[in-house]
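Remarks on the overall topology
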Amino acid sequence: MTDEGMTDHGCYPCGTEARFAGLPPRERIAFDEHWRVVHAIGTALPGWLVLLPRRHVTAVHDLTDAEAATLGAWQVRLSRALRSVTGCDKTYVAQFAEAEGFSHVHFHIVPRPPGLPQERRGPGVFAMLGRPEGEWVTDREADGMARELRAQLRPGSPR
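On to the side chain of H108, then. Summarising the element assignment, H108 is placed in strand β5 (residues 107-112). At 3.4 Å, the side chain of H108 forms a polar contact with the side chain of H106. Residues contacting H108, with those up to four places away along its chain left out, are W48, L49, V50, Y92, V93, A94, F126 and L129.

So, about helix α2 (residues 65-86). With 22 residues, α2 extends 32 Å from end C-alpha to end C-alpha; this agrees with the ideal 32 Å at 1.5 Å per step. A bend of about 30° at L71 is the largest found in α2. All buried positions along α2 are accounted for by E67, L71, W74, Q75, L78, S79, A81 and L82. Of the surrounding elements, those touching the buried residues of α2 are β1 (30-31), β2 (35-39), β3 (49-53), β4 (90-94), β5 and α3 (139-153). Downstream of α2 by one or two residues, G87 has phi in the positive range, about 75°.

Cut-offs used in this document
Residues numbered from 1 in each chain as written. Predicted model: local features only at pLDDT ≥ 70, side-chain atom pairs only at ≥ 80, totals over all residues. Heavy atoms only, no water. Helix = DSSP H or I, 4+ residues; strand = E, 2+ residues; numbered from the N terminus. Polar contact = N/O pair within 3.5 Å; in protein donor to acceptor, adjacent residues only side chain to side chain. Contact = heavy atoms within 4.5 Å. Expected span 1.5 Å × (residues − 1). Bend = angle between axes of the 7 residues up to and from the residue. Buried < 20%, exposed > 50% of the residue type's maximum accessible area, 1.4 Å probe, protein only.

Here it is as structure tokens:
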């Protein structure tokens, strides 16, 4: 693993997975044997989540049957939790896995808040990534969001 958290094969998600036990709340919001939920980095939108397979896989067709069997349930659970915590009108789900260091399959689960400008809706929401650092959700904010989401995701939590 390099200093930037990458593995030898240049994968940031695998690099953080290797340090799982020591990760802050924002990097392990929820998890099971197949998936881990993290708050996106470099976003100006609180609650932008990323759903990651816990093993290295670079294409959706390479997911195991066990991983695929729980994927939809995770997406719905996260959407419900985001609605409860952020008050979003809906969530967007997207998967590309093309950026350097992020070819590891990952699903963006993005809350669409009620007042989001029209030009930021749909695919335009991706303009909320890569904003100037001063606009990013802070680590402290992301950790707080992680704790709230974790409480919503607990078995028996109100839906």
